[in-house]
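Fold and geometry: a report
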Amino acid sequence: MPAGPEHAGPDIKYSKFIHSYAGLDPESGIGLVRLTSAVVPPEGFTVRGDDATLMCYSLSGEGDAVTDGRALRCRKYDCVWLDCSRRVQLRAAPGKPWECAFVRVQGHMRSKLFESLCAALDLGRAVQLTFGAGTRFRSLIWQLLSPRTEQTPEPDSMYAHLLLSLFVEVDLALVSASAKQVIVPDIIVAIQSYIDRNYASQITLDALSRSFGISKYHMSREFKRYIGKSPNDYLIDLRLDRAKSLLVDSGRTIADIGQLVGIPNINHFLYLFKSREGITPSAFRKQRI
């Protein structure tokens, strides 16, 4: 991911070139794909390339993607897909280190398997979406950035299928967004924001009900209606998502990580992690180191 001459570029944590996607979807127009995990510096860096697009997904922190003079603010879980021919500048917000996953696609995307995404990019639109904790999109990002994926029996095929799944997830999100523009009630936004900020603390439905002056049954029903999962499931997914980051990026013990994410009972933490991820925290850590 070349930087502009005026910038030093990102602090790259992981980088992988994928050549195999065209074999899976030969009429897609997609050539070389580069996967990158990097920390964006506050001074920013510039990406430009003819016949190329860049997907940026915020893993932590926040920053701006600037194109055509418009700054798109990206916070954790936000995804933006941009046309590199229009010159894209990425810069971290002051005091908020911005770590991102990047998927840079060379070639004019025209696959029939994800037509909405291709159509949006063909029009030069900036595609903006959010994929939070527990979503399939975020799980696919983890798999694409994992060195463990390179050790599978057929890594080229694995990467191609993971990329296809990622593109389809974005396409589905675009179709869903265009089919129904949902305005989330302020109280649901406030409850979600509270959970996002305080996930490491003890949070119960009764406490949320009292704090926001809403029946816990009505709150649970409306939260699931607009967010897609119950407050409790949302909280668990958020905690486990943070736990996965700590498992990969820190040397803390499993018990310490459980404490830090708000699940102090280690047996309960192990049960939740394995039931949701299919493997133990230790196995997850080994796969990604």
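1. Focus on the environment of I183
With respect to the helices and strands, the residue I183 is situated in the loop between α4 (155–179) and α5 (186–198). Using a relative accessible area of 74% as the deciding quantity, one classes I183 as exposed. Measuring from C-alpha to C-alpha, the distance between I183 and Y226 comes to 8.5 Å, with 43 residues separating the pair along the chain.

2. Looking at the nonpolar core
Ranked by internal contacts, the top residues of the largest apolar core, which has 65 residues, are Y57, W81 and L117. Considering each element in turn, this core owes the most residues, 9 residues, to α4. Excluding anything up to four places from it in sequence, Y57 contacts Y77, D78, C79, E99, C100, A101, F131, F137, R138 and I141. In this structure, A65, C74, A92 and C100 belong to the second largest nonpolar core, which totals 19 residues.

3. Quick look at the sheet that holds strand β10 (residues 127–130)
Overall, antiparallel pairing links the 6 strands, which are arranged β1-β2-β9-β4-β7-β10 in an open sheet. Of all the strands in the sheet, just β1 (11–18) and β10 have a single pairing partner and so form its edges. For this sheet the average axis-to-axis angle between neighbouring strands, irrespective of direction, equals 15 degrees. When β1 meets strand β2 (residues 33–40), the two strands line up antiparallel, connected through 7 bridges. Note that in β2 the partner of K16 across the bridge is L35. Packing of helix α2 (residues 115–122) onto the sheet brings it into contact with β4 (52–60), β7 (78–83) and β10, and relative to β10 it is tilted by some 135 degrees. Against the sheet, helix α3 (residues 136–145) makes contact with β1, β2, β4, β7 and β9 (98–106), and its axis sits at roughly 100 degrees relative to β4, the strand it touches most.

4. Focus: the state of the cysteines
Per the stated rule, a full pass over the model turns up 0 disulfides. Between C56, a free cysteine, and C100, which holds the nearest cysteine sulfur, the sulfur-to-sulfur gap is 3.7 Å. For C56, a relative accessible area of 1% translates into the label buried. No disulfide involves C79; its sulfur sits 7.7 Å from the nearest other cysteine sulfur, which is in C56. Among the residues examined, C79 registers a relative accessible area of 3% and is labelled buried.

5. Brief notes about unusual backbone geometry
Most peptide bonds take the trans configuration, and most residues that are not glycine carry a negative phi. The phi dihedral of D51 falls on the positive side, at around 55 degrees, and the residue is not glycine. On the secondary structure map, D51 appears in the loop between β3 (45–47) and β4. Classification of D51 by relative accessible area gives partly exposed; the value is 44%. One non-glycine residue with positive phi stands out, namely Y77, at about 85 degrees.

6. Notes on the confidence of the model for the chain
For the chain, the mean per-residue pLDDT works out to 89, and 95% of the residues sit at or above 70. Here residues 1–7 scores under 50 on pLDDT; set against residues more than four positions off or in separate chains, the count is 22 contacts.

7. Some thoughts on the sheet that holds β3
One open sheet holds the 4 strands; their spatial order is β3-β8-β5-β6, and the pairing between them is antiparallel. The open sheet terminates on both sides in strands that have one partner only, identified here as β3 and β6 (70–75). Pairs of neighbouring strands in the sheet enclose a mean axial angle of 25 degrees, with direction left out of account. Two elements, strand β5 (residues 62–67) and β6, share 6 bridges in a ladder whose sense is antiparallel. Considered in β6, the bridge of V66 is made with A71.

8. With respect to the packing of aromatic side chains
Applying the stated criterion across every chain, the model contains 11 aromatic pairs. Here Y21 and F167 contribute two aromatic rings whose centre-to-centre distance is 5.5 Å and whose plane-to-plane angle is 75 degrees, an arrangement assigned as edge-to-face. With Y21 in helix α1 (residues 21–24) and F167 in helix α4, the pair connects residues that are 146 residues apart, well separated along the chain. Here the aromatic rings of Y57 and F137 are separated by 4.9 Å at their centres, their planes lie at 75 degrees, and the arrangement is edge-to-face. Of this pair, Y57 sits in strand β4 while F137 is found in helix α3, placing the two residues 80 residues apart along the sequence.

9. Notes on α2
Since the α-helix advances by 3.6 residues per turn, residues separated by three or four positions end up pointing in the same direction. Regarding α2, the residues found buried are L117, C118, A120 and L121. All buried residues of α2 project into a common sector of 165 degrees when viewed along the axis, lining one side. At the exit of α2 stands G124, carrying a positive phi of roughly 80 degrees.

10. Quick word on the pairing of β7
Counting buried positions along β7 gives 6 out of 6 residues, so the element sits mostly inside the fold. Neither face of β7 is exposed, since D78, V80 and L82 on one face and C79, W81 and D83 on the opposite face are all buried. Pairing of β4 with β7, which is carried by 5 bridges, proceeds in the antiparallel orientation. Bridge assignment links M55 to a residue of β7, and that residue is W81. Two elements, β7 and β10, share 4 bridges in a ladder whose sense is antiparallel. Residue pairing in the sheet places C79 in a bridge with L129 of β10.

Cut-off values and rules
Each chain has its residues counted from 1, following the order in which its sequence is written. Reporting of local features is limited, given that this is a predicted model, to residues whose pLDDT is at least 70; pairs of side-chain atoms are given and counted only at 80 or more, and all residues count toward the totals for whole chains, interfaces and linings. Only heavy atoms go into the side-chain values, all of them from the structure, while hydrogens and water stay out. Under the scheme used here, helices are H or I runs from DSSP no shorter than 4 residues and strands are E runs no shorter than 2 residues, and both carry numbers assigned from the N terminus. Only protein chains enter the area calculation, which uses a 1.4 Å probe; residues under 20% of their type maximum are buried, those over 50% are exposed, and those in between are partly exposed. Here, nonpolar core refers to any group of buried Ala, Val, Leu, Ile, Met, Phe, Trp, Tyr and Cys residues whose side-chain atoms link them within 4.5 Å. Contacts between residues were defined by any pair of non-hydrogen atoms, one from each residue, lying within 4.5 Å. At least two bridges found by DSSP between two strands is the condition for calling them paired. Think of each axis as a best-fit line through the C-alpha atoms, taken over the contacting stretch in the case of a helix, with angles from 0 to 180 degrees between the N-to-C directions. The rule for a disulfide is simple: a pair of cysteine sulfur atoms within 2.5 Å. Predictor confidence is given residue by residue as pLDDT, running from a minimum of 0 to a maximum of 100. To pair, rings of Phe, Tyr and Trp, with the six-membered ring standing in for Trp, must have centres within 6.5 Å; the planes then decide the type, stacked if under 30 degrees apart, edge-to-face if over 60, and tilted in the middle. For this quantity, the arc is that covered by the directions from the helix axis to the C-beta atoms.

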